[in-house]
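Inside the fold
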Amino acid sequence: MKDIMAAPFVREMCATTANMYRLGWDERNGGNISYMLDEKEVKEYLDIDNVIRTIPLMGVNEVDIDITPLVGKYFIVTGTGKYFKNVEADPETNLGIVRIAKNNIELLWGYKDGGRPTSEFPAHMMSHMARLKVDPENRVVIHSHPTNTLAMNYVHELDEKKFTHTLWEMCTECIVVFPEGVGILPWMLCGTSEIGKATAKKMEEFRLVVWAMHGIYGAGKTLDETFGLIETVEKAAQIYMLTAHLPRVNTIKDEDMVKLVELFGVKYRKDFLDL
Ligand code: 2HA
Ligand code: ZN
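Residues numbered from 1 in each chain as written. Chains lettered and ligands numbered in written order. Predicted model: local features only at pLDDT ≥ 70, side-chain atom pairs only at ≥ 80, totals over all residues. Heavy atoms only, no water.

1. Notes on the site of ligand 1
Definition in use: Think of it this way: one heavy atom of a residue within 4 Å of a molecule or strand is enough to make that residue near it. The definition of a polar contact used here is a pair of N or O atoms within 3.5 Å, where within protein one atom must be able to donate a hydrogen and the other to accept one, and adjacent residues in sequence count solely through side-chain atom pairs. Note on areas: Shrake-Rupley, 1.4 Å probe, and residue coverage restricted to the protein chains presented here. In the scheme used here, Gly and all other residues not listed as nonpolar or charged are polar, with Ala, Val, Leu, Ile, Met, Phe, Trp, Tyr, Cys and Pro taken as nonpolar and Asp, Glu, Lys and Arg as charged.
Around ligand 1, the structure places Asn29, Gly30, Gly31, Asn32, Glu120, His143, His145 and His214. Gly31 places a polar main-chain atom, nitrogen or oxygen, 3.0 Å from an oxygen atom of ligand 1. Measuring from an oxygen atom of ligand 1, one finds a side-chain N or O atom of His214 at 2.9 Å. Alone, ligand 1 offers 220 Å² of accessible surface; in the complex the protein occludes 89% of this. Residue classes in the shell around ligand 1 are distributed as no nonpolar, 7 polar and 1 charged.

So, in structure tokens, the structure goes:
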């Protein structure tokens, strides 16, 4: 059996959480990541017949959600109440590897201090199910509190078309990176199956979903891709926050954005432009 501490997925979770912490997006226990693993790669590092303990399906409280399509799937997930700041120094306490069972989840590694997965587990699992329907290669869901994205929530209209359009205008590559735009949920109580269901509904259409005045969800095939999506939104939001109070002299025109999507051959939300 290979050393789990050297597993690429553990190393990558450590690097990503450390990076996000340094960027100031994940204060205290803010943010959470779930990353679906292949049974084959898990088996190289763990005895998959050795279940350490079973954990109820929970957000902040126990929830009754149907995650049948994920039964038998493996995930590495950040722990509830755990700080991104500390993952790299102690992955075995701050992360866990779980397998989804019918009515609960089975812990195979991690949460060494008796912990359990993120309080946003319902939103993560429902988002995985929604994204897998659209993209069978989806593996990652990240939730984070990026500073400028959050700041923008307080001063910009929370309308999906207008919000997306403003982000697209802020950096040339935005429309190519997230051509489907950004979904937005109103402020809702976090850690519940309600916000999970609402997030998953948006995830049928978007890989990025803003939780108003809370943070953002991103989904993708890899940690890099998913991180990159959130990073690009955050960069655009930063340019917006640096310029929103100043007279606008120049802007990227909608006609220019069309040239970009045509050049890169991406399908985009035409109705989010004003042409
Ligand atoms: O896990 O970010 O939304 C802490 C959070 C909850
Ligand atoms: Zn949060």
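There is more to say, and it comes next.
2. Some details on the coordination of the zinc ion (ligand 2)
Ideal geometry at a metal centre gives angles of 109.5 degrees when four donors are arranged tetrahedrally and 90 or 180 degrees when six donors are arranged octahedrally. Quick reminder of the rule: Coordinating donors are taken to be N, O and S atoms lying within 2.8 Å of the metal, or within 3.2 Å when the metal is Na, K or Ca; because water is excluded from the atom set, some sites may appear incomplete. Only runs of H or I of at least four residues qualify as helices and only runs of E of at least two qualify as strands under DSSP, and these elements are numbered from the N terminus. Buried, partly exposed and exposed residues are distinguished by accessible area as a fraction of the type maximum, computed with a 1.4 Å probe on protein chains only: under 20%, between the cut-offs, and over 50%, respectively.
For the zinc ion (ligand 2), the full set of protein donor atoms is His143 (NE2), His145 (NE2) and His214 (NE2), and the range of their distances to it is 2.0 to 2.1 Å. For the zinc ion (ligand 2), all donor residues lie on one chain, and their spacing in sequence is H-x1-H-x68-H. Taken as a pair, His145 in the loop between strand E6 (140-144) and helix H6 (147-155) and His214 in the loop between strand E8 (208-211) and strand E9 (215-220) lie far apart in primary sequence, 69 residues in all. The exposure class of His145 is buried, given its relative accessible area of 14%.

3. Here we look at the sheet that holds strand E7 (residues 183-185)
Inclusion rule: Two strands are counted as paired when DSSP detects at least two bridges linking them. Every axis in this analysis is a line fitted to C-alpha atoms, fitted for helices over the stretch in contact. Angles between the N-to-C directions lie between 0 and 180 degrees.
Read across the open sheet, the 9 strands follow the order E2-E5-E4-E3-E1-E6-E9-E8-E7; overall the sheet is mixed. Edge strands, defined here as strands with exactly one partner in the open sheet, are strand E2 (53-56) and E7. Sheet twist, expressed as the mean angle between neighbouring strand axes with direction ignored, is 25 degrees. Two strands pair when backbone bridges link them, and strand E1 (residues 32-37) and strand E3 (residues 74-78) are joined in this way by 4 bridges, in the antiparallel orientation. Bridging across to E3, Leu37 finds its partner in Tyr74.

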